[in-house]
Amino acid sequence: MSWPGQEDVFFSTSLASYLDKKLLVLLRDGRKLLGILRSFDQFANVVLEGAHERVIVGELYCDIVLGLYVIRGENVVLIGELDPEREELPASMTPGWAIQRGDLKDCFFPFFFQAQKAEKEASDLKGTMRKRMEFLDLD
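Residues numbered from 1 in each chain as written. Predicted model: local features only at pLDDT ≥ 70, side-chain atom pairs only at ≥ 80, totals over all residues. Heavy atoms only, no water.

Right, let's get into the overall build of the chain. Scanning the chain from terminus to terminus reveals 2 helices and 7 strands. Working note: accessible area of the chain is about 10300 Å², and carbon and sulfur atoms make up 56% of it. (Helix = DSSP H or I, 4+ residues; strand = E, 2+ residues; numbered from the N terminus. Areas by Shrake-Rupley, 256 points an atom, 1.4 Å probe, with all protein chains shown as cover.)

Below you can see the structure in the form of C-alpha cells.
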C-alpha cells in the first residue's frame, strides 16, 4: 500500500478547484455570503477574503461588508462559484449601498432592515397557518 502523493491529495478535495475564486456560501441560518475562497480544511471550514453578506428583501438588496471571514463547516449548506462575467442579480433588483457592519447612519438602512423583519414575520405566520390547517386533507 502506498501513501497518496501531494498532487493526489490536492485533486481529491473538491474545494481545491475553488481556491482564489469568488464564491457564494449559503449558511444554515439562511444568510448568503460572497467572497474569495482563501483556505479550507477537511471539515469544510472556509476562509473568505473580502467577504460581504448579501441581504435581499423583495426587490431590494444590500451588501454588508464583513472583510476576512472564517465560517465553521457545519454551518455551510452550499458553496458555489460565481461567474465573474455575469451579473450577480437580475437588473430589476434595486441595489442598496455597501455598508460596514454596524454602520447604519443613512435612513435607508433602518427602512431596509425593518422591511426584512416584516418579511420574516410574514413567512413565520405563513408556516404557523399551515400547521394549523394540517388537519384538513386538501390532497
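Of the strand pairs in this sheet, strand E3 (residues 46-57) and strand E4 (residues 60-71) are connected by 10 bridges, and their pairing is antiparallel. Bridge pairing in E4 places Leu48 opposite Tyr69. Connecting E3 to the next strand, E4, in antiparallel fashion are 2 residues, including Gly58 with a positive phi near 60 degrees. (Pairing = 2+ DSSP bridges.)

On the secondary structure map, Leu27 appears in strand E1 (residues 22-27). With 46 residues separating them along the chain, Leu27 and Gly73 place their C-alpha atoms 9.4 Å apart. With sequence-adjacent residues up to four places away left out, Leu27 is seen in contact with Leu33, Ile71, Asn75, Val76 and Val77. (Contact = heavy atoms within 4.5 Å.)

Summed over the entire model, instances satisfying the criterion amount to 7 salt bridges. Between Asp20 and Arg38 there is a salt bridge whose closest N-O contact spans 2.5 Å. In this pair, Asp20 sits in the loop between helix H1 (6-12) and E1 while Arg38 sits in strand E2 (residues 32-40), placing the two residues 18 residues apart along the sequence. Judged by its relative accessible area of 37%, Arg38 falls in the partly exposed class. Between Glu74 and Arg72 there is a salt bridge whose closest N-O contact spans 3.4 Å. Residue classification places Arg72 among the exposed residues on the basis of a relative accessible area of 53%. (Salt bridge = Lys/Arg side-chain N within 4 Å of Asp/Glu carboxyl O. Buried < 20%, exposed > 50% of the residue type's maximum accessible area, 1.4 Å probe, protein only.)

As a further point, take the pairing of E3. Here is the key point about a regular strand: its side chains alternate between the two faces of the sheet. As judged from the 7 bridges shared by E2 and E3, these two strands associate in the antiparallel manner. Residue Leu33 lies in a different strand from E3, and its bridge partner there is Glu53. Hairpin connection of E2 to E3: 5 residues between the antiparallel strands, including Ala44 at a positive phi of 65 degrees.

Buried together is how nonpolar side chains tend to be arranged in soluble globular proteins. Formed by 16 residues in total, the largest nonpolar core has its most connected members in Val25, Leu27, Leu33, Leu48 and Ile71. Of all the secondary structure elements, the ones that give two or more residues to this core are E1, E2, E3 and E4. (Core = buried A, V, L, I, M, F, W, Y, C linked by side-chain atoms within 4.5 Å.)

The next point concerns unusual backbone geometry. Phi at Asp20 takes a positive value of approximately 65 degrees, unusual for a residue other than glycine. In the Ramachandran plot, Ala44 falls in the positive-phi region, its phi being about 65 degrees despite a non-glycine side chain. Looking at the secondary structure, you find Ala44 in the loop between E2 and E3.

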